[in-house]
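Fold and contact review
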Amino acid sequence: MTFRTRFAPSPTGYLHIGGARTALYCWLEARHRGGQFILRVEDTDRDRSTDAAVQAILDGMSWLGLDPDEGPFFQTQRMERYRAVAQQLLDAGKAYWAYESKEELEAMRAAAMARGDKPRYSGAYRDRDEPCREDPNRVLRFRNPRDGRVVFDDKVKGRIEWDNAELDDLVLVRSDGFPTYNFAVVVDDIDMGITEVIRGDDHVNNTPRQINIYHALNADAPAFAHLPMILGPDGQKLSKRHGAVGVMQYREDGYLPHALLNYLVRLGWSHGDREIFSIGEMIELFDISDVNQSASRFDFAKLGWLNQQYLKNDNPLEIASELAWHLNRLGIDPSIGGPCPVDVVIALRDRVQTLKEMAERARIWYAPIREWDEKAVAKHLRADGAAEVLGAAHAKFAELKEWSPQAIHAAIEELANERAMGMGKIAQPLRVAITGTQVSPSIEQTVYLAGRDESLRRIDDAIDKAAK
RNA sequence: GCUCCCUUCGUCUAGCGGUCCAGGACGUCGCCCUCUCAAGGCGAAAACACGAGUUCGAUUCUCGUAGGGAGCGCCA
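Residues numbered from 1 in each chain as written. Chains lettered and ligands numbered in written order. Predicted model: local features only at pLDDT ≥ 70, side-chain atom pairs only at ≥ 80, totals over all residues. Heavy atoms only, no water.

1. A word on the overall build of chain A
Helices and strands together make up the secondary structure of chain A, namely 19 helices and 12 strands. For 468 residues, the compact-globule estimate of 2.2 N^0.38 gives 23 Å, and the C-alpha radius of gyration of chain A, at 31 Å, exceeds that figure by more than 25%. When each of the 468 residues of chain A is scored for burial, the buried share is 51%. For chain A, restricting intrachain contacts to residue pairs at least 6 apart in sequence, the fraction spanning at least 24 positions comes to 76%. Entry remark: accessible area of chain A is about 21,900 Å², with carbon and sulfur atoms responsible for 48%. One way to put it: in chain A the 60 positive side-chain charges average out to a point 3 Å from where the 72 negative ones average out. (Helix = DSSP H or I, 4+ residues; strand = E, 2+ residues; numbered from the N terminus. Rg over C-alpha atoms; globule rule 2.2 N^0.38 Å. Buried < 20%, exposed > 50% of the residue type's maximum accessible area, 1.4 Å probe, protein only. Contact = heavy atoms within 4.5 Å. Areas by Shrake-Rupley, 256 points an atom, 1.4 Å probe, with all protein chains shown as cover. Lys, Arg positive; Asp, Glu negative; His and termini not counted. Charge placed at Lys NZ, Arg CZ, Asp CG, Glu CD.)

In structure tokens, the structure reads:
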């Protein structure tokens, strides 16, 4: 039997960070074992499912590079199949019709709670053996075994045991004819030949009921692996309050997909002291049974560090095209003018953690200085001799044979030697002249990226400003 | 309330009975480098939730306690 995993989101919102990690683990596990990864959209809740959410999930997965081998399949397109399997269960006496109204069920639960019991379905119709009748409240319920235990070896959590007495007769088919989650997953996972179910640990409680359904269908249950939750930095459930929850938001915030993947793979899993993993290494080394059992918190600081690692080490050409996307979002079109984005990447990759920051910092080379840092002006432009130094730099730059960081560096060094000044005395006024601030990449990069004409213009402006 | 699950530095984790007065990484702090900011280098502080067992020996095994989480839907 070939090894097959699946990711089965319900399209009720964007692909969130926990879902992304689940998808990643499913994908890695399939790739690691040379099996297949299937994408299935669980859209049986017609009230909450939307096409936009389906698209958001697809977009998120494709941005992350988590390509499925099969799918997406949609449960709403498999209605006939669920109906047939339901009939099969009914014929075999493993399911029965029940007719309680939602209010009655509600009262039943409340009464059980009041007694200190678990709120469960009483099984009132279980043994009535009535002929089927039309009724708006009619649902098909599973005849869950009354005794015995369900035992399974979770690949993450270890052995988990459950008394059947704890389980009630769950609804398989709703009164509107749609299958419930617990029923549809089992049918799908059997039909799609899924051999390993990897999902969030909020599903462990469903697993014993699903295993019973597998058995009722004379099918072998797959292996299960339940992943611990990802919490917000404060240890609370991850929510909008924590900022980025949808995966595509990370793109907008300037993270590289590989960095996010690397961060996610290390959240709950590790391989010795290793922190950086190429996709190939993840596939080679990942094993679902090495995943941790406890919830982990999301740490933006570490994600930022990882992102910078990729910014620094990936091919600058590739980073440059990502940077262009972010520049566009700021209304800058680098193809029209200004420095080449690759040079910008090289100048800034050691100084920022995200592409978004990089684009914002790159602004000074694509557009005029918007705002002067008055403290910087006072300290460096209006300092004694600053205007004179700027004038000398202007002259040297104007005469440079080639406009390169090396040539600019040589010119500044020469200037420093001529006047026996420290580099700082020259670099800082220049920096303020070019950027309006006292923070930027190395002075030769800063000047180089501005371009010769623009540099000379800005130096002139700064000299004027110094005089005022 | 009931059932199930979880518990090593602030955070992510290593550890699978002695190698641990607990290792790495992020973050923090200090020093070095230095034209600013970073990056980089070096170094420091920082954890086995608690209590019983089992054992010659427990971070590692068992059981409790405490704390946290999940589920108990005609939602997935």
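Now that the structure is up, let's keep going.
2. Focus on the pattern of salt bridges
In total, this model carries 38 salt bridges according to the counting rule given. Between lysine 302 and glutamate 275 there is a salt bridge, with its nearest N and O atoms 3.1 Å apart. One end of the pair, lysine 302, is in helix H10 (residues 300–313); the other, glutamate 275, is in the loop between helix H8 (257–266) and helix H9 (279–285), and 27 residues separate them in sequence. For lysine 302, a relative accessible area of 29% puts it in the partly exposed group. Overall, glutamate 275 belongs to the partly exposed group, its relative accessible area being 25%. Salt bridges here are not isolated pairs; linked through shared partners, they connect Arg6, Arg40, Glu42, Arg78, Arg81, Asp188, Asp189 and Asp191. (Salt bridge = Lys/Arg side-chain N within 4 Å of Asp/Glu carboxyl O.)

3. A few points about the protein's contact with RNA strand B
Arg174, Gly268, Asp350, Arg431 and Ser440 are the nearest of the 63 residues found near RNA strand B. Counting only atoms of RNA strand B within 4 Å of the protein, the fraction found in sugar and phosphate groups is 72%. Those elements giving two or more residues to the surface near RNA strand B turn out to be helix H4 (102–115), strand S5 (139–142), strand S7 (158–163), strand S12 (296–297), H10, helix H17 (423–435) and helix H18 (443–450). The class makeup of the residues in the surface near RNA strand B is 16 nonpolar, 20 polar and 27 charged. (Near = heavy atom within 4 Å. Nonpolar A, V, L, I, M, F, W, Y, C, P; charged D, E, K, R; others polar.)

4. A short note on H17
Taking 1.5 Å per residue as the helical rise, H17 with its 13 residues ought to reach 18 Å, and the 18 Å between its terminal C-alpha atoms agrees with that figure. For H17, the set of buried residues is Ile426, Ala427, Gln428, Pro429, Leu430, Arg431, Val432, Ala433, Ile434 and Thr435. Buried residues along H17 sit against helix H13 (355–366), helix H14 (374–381), helix H15 (386–399), helix H16 (405–419), H18 and helix H19 (452–467). At the exit of H17 stands glycine 436, carrying a positive phi of roughly 80°. (Expected span 1.5 Å × (residues − 1).)

5. Observations concerning helix H1 (residues 17–32)
Here H1 contains 16 residues, and its C-alpha end-to-end distance of 22 Å stays within 8% of the 22 Å for a straight helix at 1.5 Å per residue. Directly after H1, the chain includes glycine 34, whose backbone phi takes a positive value near 65°.

6. Concerning the nonpolar core
It is characteristic of soluble globular proteins that their nonpolar side chains tend to be buried jointly. Ranked by internal contacts, the top residues of the largest apolar core, which has 95 residues, are Tyr25 and Phe397. If one sorts the elements of this core by residue count, H1 sits on top with nine residues. Residues within four places of phenylalanine 397 in sequence aside, it is in contact with Trp403, Ile408, Ala411, Ile412, Leu430, Val447, Arg452, Leu456 and Ile459. Ranked by size, the runner-up nonpolar core spans 33 residues in total, among them Leu89, Ala95, Trp162 and Ala219. (Core = buried A, V, L, I, M, F, W, Y, C linked by side-chain atoms within 4.5 Å.)

7. Focus: the side chain of asparagine 212
Within the element layout of this structure, asparagine 212 appears in helix H6 (residues 207–216). Apart from the residues lying within four places of it in its own chain, the contact partners of asparagine 212 are Phe142, Asn144, Pro145, Val150, Asn164 and Leu167.

8. Overview of the environment of alanine 393
Here alanine 393 shows up in helix H15. Taking the C-alpha atoms as reference points, alanine 393 and aspartate 201, separated by 192 residues in sequence, lie 64 Å from one another. Residues contacting alanine 393, with those up to four places away along its chain left out, are Leu415 and Leu430.

9. Observations concerning the sheet that holds strand S4 (residues 95–98)
Pairing within the open sheet is antiparallel, and its three strands lie in the order S4-S5-S8. Of all the strands in the sheet, just S4 and strand S8 (171–173) have a single pairing partner and so form its edges. The sheet shows a mean angle of 45° between the axes of neighbouring strands, direction not considered. Two strands pair when backbone bridges link them, and S4 and S5 are joined in this way by four bridges, in the antiparallel orientation. The partner of tryptophan 97 across the bridge, within S5, is leucine 140. Together, S4, S5 and S8 form the strand contacts of helix H3 (residues 79–91), whose direction differs from that of S4 by roughly 100°. (Pairing = 2+ DSSP bridges. Axes fitted to C-alpha atoms, helices over the stretch in contact; angles between N-to-C directions.)

10. Focus: the environment of arginine 128
Structurally, arginine 128 can be placed in the loop between H4 and S5. Each C-alpha atom, one on arginine 128 and one on alanine 95, is 12 Å from the other, the two residues being 33 residues apart in sequence. Only 3.2 Å separates the side chain of arginine 128 from the backbone oxygen of alanine 124, close enough to count as a polar contact. (Polar contact = N/O pair within 3.5 Å; in protein donor to acceptor, adjacent residues only side chain to side chain.)

11. Remarks on the packing of aromatic side chains
A full pass over the atoms with the stated rule returns 11 aromatic pairs. A centroid spacing of 6.0 Å and a plane angle of 90° characterise the contact between phenylalanine 397 and tryptophan 403, whose relative ring orientation is edge-to-face. In this pair, the class of phenylalanine 397 matches that of tryptophan 403, namely buried. Three or more aromatic residues link up through ring pairs in this structure, and these residues are Tyr250, Tyr255, Tyr263, Phe298 and Phe300. (Phe/Tyr/Trp six-rings, centres within 6.5 Å; stacked < 30°, edge-to-face > 60°.)

12. Here's the deal with the confidence of the model for chain A
Of the residues in chain A, 100% have a pLDDT of 70 or more, and the chain-wide mean is 93. The ipTM value of the predicted complex is 0.95, and its pTM value is 0.94. (pLDDT = per-residue confidence, 0-100.)

13. Some words on the pairing of strand S3 (residues 70–74)
For a regular strand, side chains alternate in direction, first toward one face of the sheet and then toward the other. The sheet contact formed by strand S2 (residues 36–41) and S3 spans three bridges and is parallel. What sits directly across from valine 41, in S3, is phenylalanine 74. Read from S2 through helix H2 (residues 51–64) to S3, the crossover connection turns out right-handed. (Right-handed = clockwise from strand over helix to strand, strands pointing away.)

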